[in-house]
Structure formats: structure tokens, C-alpha cells
Amino acid sequence: MPENMRYTIKAFAQCMRFDTKFFFLVLLPPLIFEAGYTLHPTTFFQNADAISMFAFVGSLTSAISTGVLMYVAGLLGWSYEFSLKSAMLFGALISSTDPVTTLSIFSESPISPDVHAMILGESILNDAVTIVYFESLLLGIGNAGDVTALEMLQTDDAFTPLILQAIGTFMLAFGQATAVGVGIGCFSALLHKHVSTTSYFEEGWAVDSTLVLLFPYLSYSLAESFELSGIVSVLFTGIIMGRYTRPNLARAPRMVTMCIFKIFSFLSETFVFVYMGSAMYSFRVEHVVTAIVGLVACYVGRAVNIFPGSLLLNMSSARKKSPITPNTQYLLWFCGLRGAVAFA
């Protein structure tokens, strides 16, 4: 291969390398916000029990199951040998069902609104839950005193206190991020209820549209500045603004903002898949066996999430008239799509 061609390919691969900061700061917030902003609140809250079960309880059980399986596989020599803490970090990381992939596939699929709401809600909340859980584990490892993070990952001492601390940190951070998102969304609704520049001058619709566009990034930036989950915050900001801010807008800014959010979401989704495809340049052949074992562990962890959770939900009185059928359970099992969030 000529030297100039080798340099061109190397430069292209370097240019297209997946940028984590760009993904989380630029690409992901519009996707999450647009999903919350256009979410049908009635269907979403009618299935809140299933969404909460799969996204909160199920995500934690899936992460722990996947981590344990990877740890055992390493001990048996089937894959890379993780320490228990490293395996749990991997389980938390890989249990994130990517909303980018799920939204792109199921946005126009002919499935019932209830199933669509469960898939969409669980995907978005699961994404936020696993990120916060992963960061909580990292925070617990980083607060280990004089022991370095690498040493903590390579030993299995004091593992139970670490898990308990991570769960406690997760619950606190998730609740605080939700409060930030709801607060920003309520402030946006009150502002647009009492102030409408569209009715005052001809170009007022542009001012109202700009204000609506600024609130999602305000919510995301404020949550991240407090070291909380910006994804959780911007999701609940989108839900609140879609339910209460959008009806307070005049027709012109309402249509403009809906179109802009949809365009931003589509562009972000396209960039994400381009970056994911370009990441194949950095893939190593010796990781194939661990990847296959990880794929099997993901399926088992997903099954531990869906089937016991569906059984518990069907036993409740709220699901007597609309139980989660076996076909729906299998559909939910195979909807645990991984993608850019876990990779980032």
C-alpha cells in the first residue's frame, strides 16, 4: 500500500474516532429530550408500573447478573479474567439498552401503543439508570482512600459495602436529577404561560422558539454542574415541557420547535451510527471470544430482567385486565439493544 494512502486511511480513522464528550454533550441530549417531549403522557403513565419495574429493578438485576456471569466466565478461562469489581462495572456498562437504537427501530413499527410505551420508557430510563449506577460504582472506587482505583478494581475486598454505597449514591443522584429536570420544566411552563412575545411583535415567535430550545440544555448543564445525571434531568424536562409548556405556546413557535427537535434528533441519530461504524477501525481480533461471552451474558441478564419482572407484574391487581403476554415478553427480551451509550 502506498505511504500516502496509508496516511490518509490512518488520518480518516483518527478523525472518525468516537468522541465520548461530543456524544454526551451534543448528540445525546437532543435525542433524549425529543423522546420525552413527544412522549404520549397518558400511555406512558398507564404503563408506569412495567416501565419502573424493567428500568429500575430490572436494570440493577441485569447489571449484577451480567457482571457475575462475566466474572465466572473469566475464572473458567472462557474470556478475559475480570476481578469481581471490574466485572460489575462491565455489567453496569453493558446493561444500558441504547435509546438511540431502540427509538430508531421502533419509531414507526406497527406495535400497540402500550408495548411501544414500555419499550420506549424502559429504554430511556434504563439508559439513565445504568449510567448513574456505573458512575456511582466509579465514585465508590475513587473514594477508597490511599488505595488507587486500579488496585480497587483488581481486588475483591470490601465488595458488599461498595455495592451498597453505589446503590445509595444512585438513588440519591437519580432523585436529585429528577428534581432538577422537573423544576426546569415547570419554570418553562410558567414562563410561557405568562409571557408570550409572539403576541407582542411580528418576530416574537423566534424569541419564544429560542427560549424553548434553551431550556433542555439549561437542564442538562445544571444537572451536570452538580455532578448529577444530565440524561435523567433532560428526560424529565422533556416530559414536563411536552405536557405543560407546549400547550402554552402559540401555533407558530409550537410547530417550529417540534420540527427543530425532530431535525436535531434525526441528525444526532445519524452521527451516532456513523461514529459507531467508524469504531470498527479500533476493534481487535483477540477480543472476539470475550465479546461472544459478553453477548451471551447480555441475553441472560436481559432475561433475568424481563421474565421475573413480567411474572411479578402479572400477579398484581393492576395487570389483571392487561397482562404482559408471553409474546410481549419475548419482544421485550429482544428489545434490549445495545449501542452508543454503552460504547461511550
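Residues numbered from 1 in each chain as written. Predicted model: local features only at pLDDT ≥ 70, side-chain atom pairs only at ≥ 80, totals over all residues. Heavy atoms only, no water.

A. Layout of the overall build of the protein. When helices and strands are counted, the protein shows 15 helices and 0 strands. For the protein, the proportion of its 344 residues judged to be buried stands at 46%. When contacts within the protein are restricted to residue pairs at least 6 apart in sequence, those whose partners lie at least 24 apart make up 83%. For the protein, the accessible surface area stands at approximately 17500 Å², while carbon and sulfur atoms represent 68% of it. (Helix = DSSP H or I, 4+ residues; strand = E, 2+ residues; numbered from the N terminus. Buried < 20%, exposed > 50% of the residue type's maximum accessible area, 1.4 Å probe, protein only. Contact = heavy atoms within 4.5 Å. Areas by Shrake-Rupley, 256 points an atom, 1.4 Å probe, with all protein chains shown as cover.)

B. Local environment of the pattern of salt bridges. Using the criterion set out here, one finds 2 salt bridges in the structure. Between Arg302 and Glu122 there is a salt bridge, with the nearest N and O atoms lying 2.9 Å from each other. Remark: Glu122 occurs in helix α7 (residues 113-142) and Arg302 occurs in helix α13 (residues 288-315); sequence separation between them is 180 residues. (Salt bridge = Lys/Arg side-chain N within 4 Å of Asp/Glu carboxyl O.)

C. Examining the packing of helix α10 (residues 204-225) against helix α11 (residues 230-245) more closely. The interhelical angle for the contact between α10 and α11, taken along N-to-C directions, is 150°, at an axis separation of 8 Å. Taken as axis vectors, α10 and α11 run roughly antiparallel relative to one another. You can see that α10 and α11 cross each other, and the crossing is right-handed. Touching Val212, Phe215, Pro216, Ser219, Tyr220, Ala223 and Glu224 of α10 are Gly230, Ile231, Ser233, Val234, Thr237 and Met241, all from α11. (Axes fitted to C-alpha atoms, helices over the stretch in contact; angles between N-to-C directions. Parallel < 35°, antiparallel > 145°, perpendicular 65-115°, else oblique. Left-handed = near helix turned anticlockwise from the far one by under 90°.)

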